[in-house]
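In case you want the letters, here they are:
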Amino acid sequence: MDLVQLEIEERGEVVVARVTGELDLAGAPSTGEAIAEAVPTSARGLVVDFSGLEFIDSSGIAMLFNLARRLSGRRQELRVVAVDGKPVARVLEIVEFDRAAPVHERLDEALASVSG
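Computed from a predicted model, the values in this text were never measured in an experiment. (Residues numbered from 1 in each chain as written. Predicted model: local features only at pLDDT ≥ 70, side-chain atom pairs only at ≥ 80, totals over all residues. Heavy atoms only, no water.)

**Things to note about helix α3 (residues 87-94)**
Right, on to step 1. If you check which residues of α3 are buried, you get Val-88, Ala-89 and Leu-92. Buried residues along α3 cover an arc of 100° about the axis, so they all sit on one side. The exposed set on the far side of α3, more than 90 degrees from its buried face, consists of Pro-87, Glu-93 and Ile-94.
Right, on to step 2. Buried residues along α3 sit against β4 (53-56), α2 (58-73), β5 (77-81) and β6 (103-104). (Buried < 20%, exposed > 50% of the residue type's maximum accessible area, 1.4 Å probe, protein only. Helix = DSSP H or I, 4+ residues; strand = E, 2+ residues; numbered from the N terminus. Arc of directions from axis to C-beta. Contact = heavy atoms within 4.5 Å.)

See below:
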């Protein structure tokens, strides 16, 4: 059984990928692929919601940086949701992920910030 769960929904021109559970080497590559495939070229951007994620390791971080590169190459925006004070937000802070894409505390903030 996978420790990571992925739910994808479209909110207008933005794709929301809700990742919950634990994102590690076992699940990160396939999760990244599934998210990338779910974002049509017509989408304005992608919000990866980690508010329900308990754990992320370096492979999960690599997956995020790969998504950031892929989307910027297609002129699409990436936002990440991570709850302050939780381990996932701390890891994103340590690797300075906000240099690649903005990190928000709430989904509605992240959705509002995707330019439109």
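**Let's talk about the pairing of strand β3 (residues 45-49)**
Right, on to step 1. By the criterion of burial, β3 is predominantly enclosed, with 5 of the 5 residues buried.
Right, on to step 2. Across 5 bridges, the pairing between strand β2 (residues 14-23) and β3 is parallel. Opposite Val-15, over in β3, you have Leu-46 as the bridge partner.
Right, on to step 3. For the crossover from β2 across helix α1 (residues 28-38) to β3, the handedness is right-handed.
Right, on to step 4. Of the pairings in the sheet, the one linking β3 to β5 comprises 5 bridges and is parallel in character. Across the sheet, the residue bridging to Leu-46 is Leu-78, located in β5. (Pairing = 2+ DSSP bridges. Right-handed = clockwise from strand over helix to strand, strands pointing away.)

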